[in-house]
Amino acid sequence: MHTRPTRSALYIPGSKDRALEKARGLPVDVILFDLEDAVAPDAKIAARDTLFAALAGGGYGPRQRIVRINGLDTQWGRADAAAVAAMDCDAILLPKVNSTADVDALAALVPDLPIWAMMETPQSVLNAAQIAAHPRMAGFVMGTNDLAKDMGSRGRPALMMALQMCLLAAKAAGIVALDGVYNAFQDDDGLRAECAEGRDLGFDGKTLIHPAQIAIANAAFGPTTDEIALAHRQIAAFAEAAAQGQGVAVVDGKIVENLHIVTAKATLAKAEAIAALESA
């Protein structure tokens with residue numbers, strides 16, 4: 001389990017100074033600086049300089065700064081990659097990754113930064129295990145809108161198999177997995193329900209399209225007060241049982257074994273990391 005918070009990941013246009021400035025004060029865990037979908041074709045070249053200057057100016061604190069470039073098969077992709085290689089960021093996000101060959105191509109252009117992959121095509125889903133296992137791969141971002149378009153599907157239930165295949169691949173490889181966006185940014189109840197579903201599936205966080213969605217994602221993907229309290233009780237009970245030569249404990253009428261203690265300690269570590277991030 002990852003302890004660096006990735007509960008909320010907000011897309012920010014790399015071409016808009018006002019949005020880049022506002023992002024410095026948002027309580028979001030990850031900022032996805034976008035040079036792709038959020039930037040018009042005639043603004044893409046200038047956006048590189050705008051984003052470079054914003055990142056060089058700092059002020060984003062401990063938030064993860066990830067830059068999404070245009071695909072390498074576009075007229076902007078390779079120049080984007082070269083520009084991002086010189087930016088003050090934590091990782092580079094490649095759209096429409098279909099296979100490890102796409103990751104290899106970006107790795108050759110950007111030798112140092114961790115690579116994240118947009119999982120948004122049928123091919124990417126079918127090749128998820130190999131993509132996740134790539135030595136440069138650090139995270140998956142589900143591109144549910146593009147995936148639904150390519151599949152000709154309607155509704156989130158139709159994407160469930162694809163979501164779970166990518167999630168399983170990410171967990172097997174030990175990398176981060178972020179759920180796709182919720183388009184109805186004024187529908188708090190719908191977002192809350194989809195975040196709860198994503199958390200129950202095992203996603204590490206939710207990608208967002210509007211700052212108003214941050215608080216709901218943070219609440220959904222962070223440990224609750226009850227979960228933290230339970231983790232403390234499980235650890236204490238198991239330690240007491242171990243001191244008495246027992247291999248299991250009982251908490252709230254349920255067996256607690258070592259595997260539960262691993263999860264409990266991860267829960268507390270995540271809670272501590274979130275507290276540190278929010279106080280920074």
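Keep in mind that this is a model prediction, so the values were computed, not measured. (Residues numbered from 1 in each chain as written. Predicted model: local features only at pLDDT ≥ 70, side-chain atom pairs only at ≥ 80, totals over all residues. Heavy atoms only, no water.)

Tallying each qualifying case throughout the model produces one aromatic pair. Its end group placed over the ring of Trp76, Lys44 keeps NZ or CZ at 5.1 Å from the ring centre. (Phe/Tyr/Trp six-rings, centres within 6.5 Å; stacked < 30°, edge-to-face > 60°. Lys NZ or Arg CZ within 6 Å of the ring centre and 35° of its normal.)

With that settled, the discussion passes to helix H3 (residues 77-85). Here H3 has its buried residues at Gly77, Asp80, Ala81, Ala83 and Val84. For H3, the angular spread of buried residues about the axis comes to 165 degrees, placing them on one side. Where H3 is buried, its residues meet helix H2 (44-57), strand S3 (64-68), strand S4 (91-94) and helix H4 (100-109). (Buried < 20%, exposed > 50% of the residue type's maximum accessible area, 1.4 Å probe, protein only. Helix = DSSP H or I, 4+ residues; strand = E, 2+ residues; numbered from the N terminus. Arc of directions from axis to C-beta. Contact = heavy atoms within 4.5 Å.)

The next thing to look at is the packing of helix H11 (residues 225-243) against helix H12 (residues 258-279). Two elements in contact, H11 and H12, have axes separated by 9 Å at closest approach and are oriented at 135 degrees. In terms of orientation, H11 lies oblique with respect to H12. As H11 runs across H12, the sense of the crossing is left-handed. Between H11 and H12, the contacting residues are Glu227, Ile228, Ala231, His232, Gln234, Ile235 and Phe238 on the first element and Asn258, His260, Ile261, Ala264, Lys265, Thr267, Leu268 and Ala271 on the second. (Axes fitted to C-alpha atoms, helices over the stretch in contact; angles between N-to-C directions. Parallel < 35°, antiparallel > 145°, perpendicular 65-115°, else oblique. Left-handed = near helix turned anticlockwise from the far one by under 90°.)

This next bit is on unusual backbone geometry. Not every positive phi belongs to a glycine, and Lys96 is a case in point at roughly 45 degrees. Mapped onto the fold, Lys96 is located in the loop between S4 and H4. We classify Lys96 as partly exposed; its relative accessible area is 35%.

Before going further, it helps to examine the environment of Leu126. Mapped onto the secondary structure, Leu126 falls in helix H5 (residues 122-126). For Leu126 and Trp76, which are 50 residues apart along the polypeptide, the C-alpha to C-alpha distance reads 27 Å.

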